[in-house]
Amino acid sequence: MTQAVSPPSAIRTRFAPSPTGFLHLGGARTALFSWAYARHHHGKFILRIEDTDLERSTPEAVQAILDAMQWLDLRPDEGPFYQMRRMDRYREVIAAMLAAGTAYYCYSSPAEVEAMREKARAAGNKPRYDGTWRPEPGKTLPPIPPDRKPVVRFKSPQSGATGWNDLIKGPISFDNSELDDLVIARPDGTPTYNFCVVVDDWDMKITHVIRGDDHVNNTPRQIAILRALGATPPEYGHVPMILGPDGDKLSKRHGAVNVMQYERDGYLPEAMINYLARLGWSHGDEEIFSREQLVEWFDTRHLSKSPAQWDPKKLNWVNAHYIRAMDDTALAARVAPRIRALNGDPDAIDLAGVMALLKTRAETLNQLAEDAMLFCGPYQAASEGLQAQYLDASAIELLNEFARRAAALPDWGTAPLSALIKAMLDEHAIKMPKLAIPLRIAVTGRKHTPSIDAVLFLLGRATVLARLDALSGE
Ligand code: GLU
């Protein structure tokens, strides 16, 4: 029987970061929503690097974005495309618009444009270019000033309105009289930001633009240019920003905003995806869902109109869930490099067994690595103070007995060790701490450890006996 496979659709989304820094949480969330929308519709997700701001874009930032996308496993179907490699195409479209009369050369100097703006301001109007070089039927343009390189302006519609039905915010409309004749090419011929976005969205056949709502003001300009080009504008959905726990815009002040810092701090990408998806999107009351479920359920109707709030405690809760749910061997593989970074030896022990013991109370991989150092780090004898307090003569006697009987156990396992401890407590009529604390201190150097029988088991018979032996030899 052949399996039913949904046909690919024409849905095409994109994530279009400007590589001026690391990938921040807001950007990662926008990328995730665009990715999930494309996946849900069996469409295509495109990655486009908007690197035309030469002063602020760096190759390191490009790499940081690519690394973060890879960590989150948000794989583009097409791209990365780089705007700096598309300059010829932008120039071609500018030339075509000049020829078609939808754009024009403007020879006003920056000082003149500033004077126009000032004049409008003084008259109580919105500061704007006054249209000096805008060609109109029957209008005579001023003589071209010698030696002046012109900018190219878009001949923006002056009446009516430009609007769209935002996928998240609903209907939005701007009066065209509000929109200036946008500069689309600078005097040196290089295209400007909004223009490149338009040409790219058009050429890349983007059907749905999901992006931060800091771009709402750009949208009517982009739509107007697309229409002038005879293109159908995509659908737009503008995602509200993320707020910090205190209600202010999320910033460094609230902790890490660099996605990769979460990798370094020991968060699982699966947990990060789950948490980010819930920041501004919901599927009923579901808090924990897999990538596959996200793709199956994702829609723009359940994207929230109001800003989401960053909640580090909830992120920890989600991460703890994913850690607990993860297979012990897989978890061990993720924690091993972090143990090495602490100068521990992850191969010194059955690390998967250690994970099984520790994972129920860890919130991050780093915490797991630190906890695992009990098994993977060098043995450090307890402080003299702890020894003096807990390892008196009667305790040493108990430990010696324990060592003799542990050496004789037919099977080294958590259950036989637990039974041995219990038997000794009964025989000596003592309570658990009387034996367990000296055992912990003697064998691990610490007063607090996870369940002692499991710890002894994982350390192994040879290690446990050697440490107990060293003690009685003193
Ligand atoms: N490059 C823009 C940014 O990083 C996004 C542009 C867009 O999505 O249209 O904010």
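Check the entry above for the structure.
Residues numbered from 1 in each chain as written. Predicted model: local features only at pLDDT ≥ 70, side-chain atom pairs only at ≥ 80, totals over all residues. Heavy atoms only, no water.

When helices and strands are tallied, the protein shows 19 helices and 12 strands. On C-alpha atoms alone, the protein measures out to a radius of gyration of 32 Å, which is more than a quarter above the 23 Å that the 2.2 N^0.38 rule sets for 474 residues. Each principal axis of the C-alpha atoms in the protein carries an extent, and together these give about 110 × 60 × 40 Å. The buried share of the protein, reckoned over its 474 residues, is 49%. (Helix = DSSP H or I, 4+ residues; strand = E, 2+ residues; numbered from the N terminus. Rg over C-alpha atoms; globule rule 2.2 N^0.38 Å. Buried < 20%, exposed > 50% of the residue type's maximum accessible area, 1.4 Å probe, protein only.)

So, about the nonpolar core. Judged by nonpolar contacts, the single largest core of 106 residues is most densely connected at Leu294, Trp310, Leu351, Phe375, Phe402, Leu439 and Leu456. It is helix α1 (residues 25-40) that provides the largest number of residues to this core, a total of nine residues. Ile46, Ile184, Ile206 and Val216 belong to the second-largest nonpolar core, a separate cluster that totals 30 residues. (Core = buried A, V, L, I, M, F, W, Y, C linked by side-chain atoms within 4.5 Å.)

Counted according to the given criterion, the structure contains 33 salt bridges. Salt-bridge contacts for Glu136 lead to Arg134; the nearest nitrogen and oxygen are separated by 2.7 Å. Judged by its relative accessible area of 31%, Glu136 falls in the partly exposed class. Owing to a relative accessible area of 7%, Arg134 belongs among the buried residues under this scheme. One continuous salt-bridge network, built from bridges that share partners, spans Arg14, Arg48, Glu50, Arg86, Arg89, Glu92, Asp200, Asp201 and Asp203. (Salt bridge = Lys/Arg side-chain N within 4 Å of Asp/Glu carboxyl O.)

Pairing is antiparallel across the open sheet formed by three strands, whose spatial order is β4-β5-β8. Of all the strands in the sheet, the pair left with one neighbour each is β4 (103-106) and β8 (183-185). Direction aside, neighbouring strands of the sheet carry axes that sit 45 degrees apart on average. Where β4 and strand β5 (residues 151-154) come together, four bridges link them in antiparallel fashion. Counterpart to Tyr104 in the pairing with β5 is Arg153. Lying on the sheet, helix α3 (residues 87-100) is in contact with β4, β5 and β8; it crosses β4 at an angle near 95 degrees. (Pairing = 2+ DSSP bridges. Axes fitted to C-alpha atoms, helices over the stretch in contact; angles between N-to-C directions. Contact = heavy atoms within 4.5 Å.)

Moving on to the packing of helix α16 (residues 414-428) against helix α18 (residues 452-459). Close contact between α16 and α18 brings their axes to 8 Å; oriented N to C, the two are set at 130 degrees. Taken together, the axes of α16 and α18 are oblique relative to one another. Relative to α18, α16 is oriented so that their crossing is right-handed. Every residue of α18 that contacts α16 at Thr414, Leu417, Ser418 and Ile421 is listed here: Ile452, Asp453, Ala454, Leu456 and Phe457. (Parallel < 35°, antiparallel > 145°, perpendicular 65-115°, else oblique. Left-handed = near helix turned anticlockwise from the far one by under 90°.)

Quick look at the site of the ligand now. Lining the immediate surroundings of the ligand are Arg14, Ala16, Pro17, Ser18, Glu50, Tyr193, Val197, Arg211 and His215. Within the side chain of Ser18, one N or O atom sits 2.8 Å away from a nitrogen atom of the ligand. Out of a free accessible area of 300 Å², the ligand has 81% covered by protein chains. Of the residues assigned to the shell around the ligand, the class counts are four nonpolar, two polar and three charged. (Near = heavy atom within 4 Å. Polar contact = N/O pair within 3.5 Å; in protein donor to acceptor, adjacent residues only side chain to side chain. Areas by Shrake-Rupley, 256 points an atom, 1.4 Å probe, with all protein chains shown as cover. Nonpolar A, V, L, I, M, F, W, Y, C, P; charged D, E, K, R; others polar.)

Tracing the chain through its elements places Thr192 in the loop between β8 and α5 (193-203). With relative accessibility at 11%, the residue Thr192 sits in the buried group. A distance of 2.8 Å separates a polar atom in the side chain of Thr192 from the backbone oxygen of Val183. Apart from residues no more than four positions distant in its own chain, Thr192 is found in contact with Val183, Ile184, Ala185 and Arg186.

Now for unusual backbone geometry. For residues other than glycine, phi is negative in most cases, and the peptide bonds are mostly trans. Of note, the bond from Gly79 into Pro80 is cis; its omega dihedral lies within 30 degrees of zero at 10 degrees. Here Pro80 lies in strand β3 (residues 78-82). Phi angles above zero are rare outside glycine, and Asp147 is one such case at about 60 degrees.

Next up on the list: the packing of aromatic side chains. Summed over the entire model, instances satisfying the criterion amount to 11 aromatic pairs. Centroid distance Tyr105 to Tyr107: 6.4 Å. Interplanar angle 45 degrees. Geometry classified as tilted. Ring centres of Phe289 and Trp297 lie 6.0 Å apart, and the angle between their planes is 70 degrees; on these two criteria the pair is classed as edge-to-face. Here Phe289 matches Trp297 in class, with each residue buried. Among the aromatic residues, those joined into a cluster by ring pairs are Phe33, Trp281, Phe289, Trp297 and Phe298. The side chain of Arg153 reaches across the aromatic face of Tyr129, ending 3.7 Å from its centre. (Phe/Tyr/Trp six-rings, centres within 6.5 Å; stacked < 30°, edge-to-face > 60°. Lys NZ or Arg CZ within 6 Å of the ring centre and 35° of its normal.)

The next subject is the packing of α16 against helix α17 (residues 432-444). Two numbers describe how α16 lies on α17: the axes approach to 9 Å, and their chain directions differ by 130 degrees. On the basis of the axis angle, α16 is oblique to α17. α16 and α17 meet at a crossing whose hand is right-handed. Between α16, through Ile421, Met424 and Leu425, and α17, the contact on the second element is made entirely by Met432, Leu435 and Leu439.

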